[in-house]
Amino acid sequence: MHCIVPMANLSSIVRRSNLSHGRAQMLPHCSVASKEVQAIRRRKVVPNGRRLHQYANLYIDARNPML
């Protein structure tokens, strides 16, 4: 499993675990996220009715443009 984050955030992840975008915004952190992409994701609602930013990212097979 993969989680794509800046190295500067590793100590926080070890202490608090991998947080959702919404929860991470409450803490000091380094972000590599595209503001345009995050604006789109902020509005997305998944089938159970929760917002996409309420979930933590964890990839089973990390094949995406960040790599």
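In case you missed it, the structure is sitting above this.
Residues numbered from 1 in each chain as written. Predicted model: local features only at pLDDT ≥ 70, side-chain atom pairs only at ≥ 80, totals over all residues. Heavy atoms only, no water.

**Some details on the overall build of the protein chain**
Line of reasoning, step 1. In terms of helices and strands, the protein chain carries three helices and zero strands.
Line of reasoning, step 2. For the protein chain, the N- to C-terminal ordering of α and β elements is α-α-α.
Line of reasoning, step 3. With respect to the three principal axes, the spread of C-alpha positions in the protein chain is 30 × 30 × 25 Å.
Line of reasoning, step 4. Considering the protein chain as a whole, with its 67 residues, one finds that 13% of them fall into the buried category.
Line of reasoning, step 5. Long-range contacts, defined as pairs at least 24 residues apart, comprise 54% of the intrachain contacts of the protein chain with a sequence gap of at least 6.
Line of reasoning, step 6. Within the structure as shown, the protein chain displays about 5,600 Å² of accessible surface, and the carbon and sulfur contribution to it stands at 58%. (Helix = DSSP H or I, 4+ residues; strand = E, 2+ residues; numbered from the N terminus. Buried < 20%, exposed > 50% of the residue type's maximum accessible area, 1.4 Å probe, protein only. Contact = heavy atoms within 4.5 Å. Areas by Shrake-Rupley, 256 points an atom, 1.4 Å probe, with all protein chains shown as cover.)

**A look at the side chain of Ser20**
Line of reasoning, step 1. By the secondary structure assignment, Ser20 is in the loop between α1 (10-16) and α2 (21-24).
Line of reasoning, step 2. Polar side-chain contacts of Ser20 include one of 3.2 Å to the backbone nitrogen of Arg23.
Line of reasoning, step 3. Not counting residues up to four positions away in its chain, the partners in contact with Ser20 are His53, Gln54, Tyr55 and Ala56. (Polar contact = N/O pair within 3.5 Å; in protein donor to acceptor, adjacent residues only side chain to side chain.)

**Side note on the side chain of Asn9**
Line of reasoning, step 1. Mapped onto the elements of the fold, Asn9 is located in the segment before α1.
Line of reasoning, step 2. Using a relative accessible area of 12% as the deciding quantity, one classes Asn9 as buried.
Line of reasoning, step 3. With sequence-adjacent residues up to four places away left out, Asn9 is seen in contact with His29 and Cys30.

**A look at the environment of Asn57**
Line of reasoning, step 1. By secondary structure assignment, the location of Asn57 is in the segment after α3 (35-43).
Line of reasoning, step 2. Judged by its relative accessible area of 43%, Asn57 falls in the partly exposed class.
Line of reasoning, step 3. Through-space distance from the C-alpha of Asn57 to that of Val14 is 15 Å; in sequence the pair is 43 residues apart.
Line of reasoning, step 4. Ignoring sequence-local partners within four residues, the contact set of Asn57 consists of Cys3 and Asn18.

None of the figures reported here should be taken as evidence of function without further support.
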